Amino acid sequence: MQQNHQSSVTKKTTRLVTGYFPIDLIKGYSPSQKLTEAEQAIESGQPLIIMSEKEFVDFLAQFFQLLAKGL
């Protein structure tokens, strides 16, 4: 699994991992530039997934379980 850290969302971006807590519930919160770019890319039809840290950790756990089983 290749890992890349990008400072912005590009056409090659397939996943964006956000903070663990639902930060949008905090009074006065405004989304980051990267999150805004990701949402715009999705609206434009880009197959991009926005996930929380917990969802990403769960995704990795499932990936490694499948890898351990040889699938």
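Residues numbered from 1 in each chain as written. Predicted model: local features only at pLDDT ≥ 70, side-chain atom pairs only at ≥ 80, totals over all residues. Heavy atoms only, no water.

Visitor: Explain the nonpolar core here, please?
Guide: The tendency in soluble globular proteins is for nonpolar side chains to be buried as a group. Val9, Leu16, Leu35, Ala38, Ala41 and Leu48 form the largest nonpolar core, which has 6 residues in total. Sorting elements by how many residues they give to this core places helix α1 (residues 33-43) first, with 3 residues. If we skip the residues at most four places from it in the chain, Leu16 touches Lys34, Leu35, Ala38, Leu48, Ile49, Ile50 and Met51. (Core = buried A, V, L, I, M, F, W, Y, C linked by side-chain atoms within 4.5 Å. Buried < 20%, exposed > 50% of the residue type's maximum accessible area, 1.4 Å probe, protein only. Helix = DSSP H or I, 4+ residues; strand = E, 2+ residues; numbered from the N terminus. Contact = heavy atoms within 4.5 Å.)

Visitor: What exactly am I supposed to notice about helix α2 (residues 53-68) here?
Guide: Residues separated by three or four positions in an α-helix point in the same direction, a consequence of the helix having 3.6 residues per turn. Given a rise of 1.5 Å per residue, 16 residues ought to cover 22 Å, and the 22 Å separating the end C-alpha atoms of α2 matches this to within 8%. Phi turns positive, to about 80°, at Gly70, one or two residues after α2. (Expected span 1.5 Å × (residues − 1).)

Visitor: What am I meant to see in the packing of aromatic side chains here?
Guide: For any two aromatic rings, the description comes down to two numbers: the centre-to-centre distance and the angle of the planes. Applying the stated criterion across every chain, the model contains 2 aromatic pairs. Aromatic pair Phe63 and Phe64: ring centres 5.3 Å apart, planes at 80°, arrangement edge-to-face. A residue is classified by how much of its surface remains accessible, and Phe63, at 30% relative accessible area, is partly exposed. Residue classification places Phe64 among the partly exposed residues on the basis of a relative accessible area of 46%. Above the plane of the ring of Phe59 lies Arg15, whose end atom (NZ or CZ) is 4.2 Å from the centre. (Phe/Tyr/Trp six-rings, centres within 6.5 Å; stacked < 30°, edge-to-face > 60°. Lys NZ or Arg CZ within 6 Å of the ring centre and 35° of its normal.)

Visitor: Please explain the pattern of salt bridges as it appears in this structure.
Guide: Two side chains bearing opposite charge may form a pair once their charged atoms approach each other closely. If you walk through the whole model with that rule in mind, you get 1 salt bridge. Measuring nitrogen to oxygen at the nearest pair gives 3.0 Å for the salt bridge that ties Lys54 to Asp58. Of this pair, Lys54 and Asp58 both sit in helix α2, 4 residues apart, roughly one helical turn. Taking relative accessible area as the criterion, Asp58 reaches 41% and is therefore assigned partly exposed. (Salt bridge = Lys/Arg side-chain N within 4 Å of Asp/Glu carboxyl O.)

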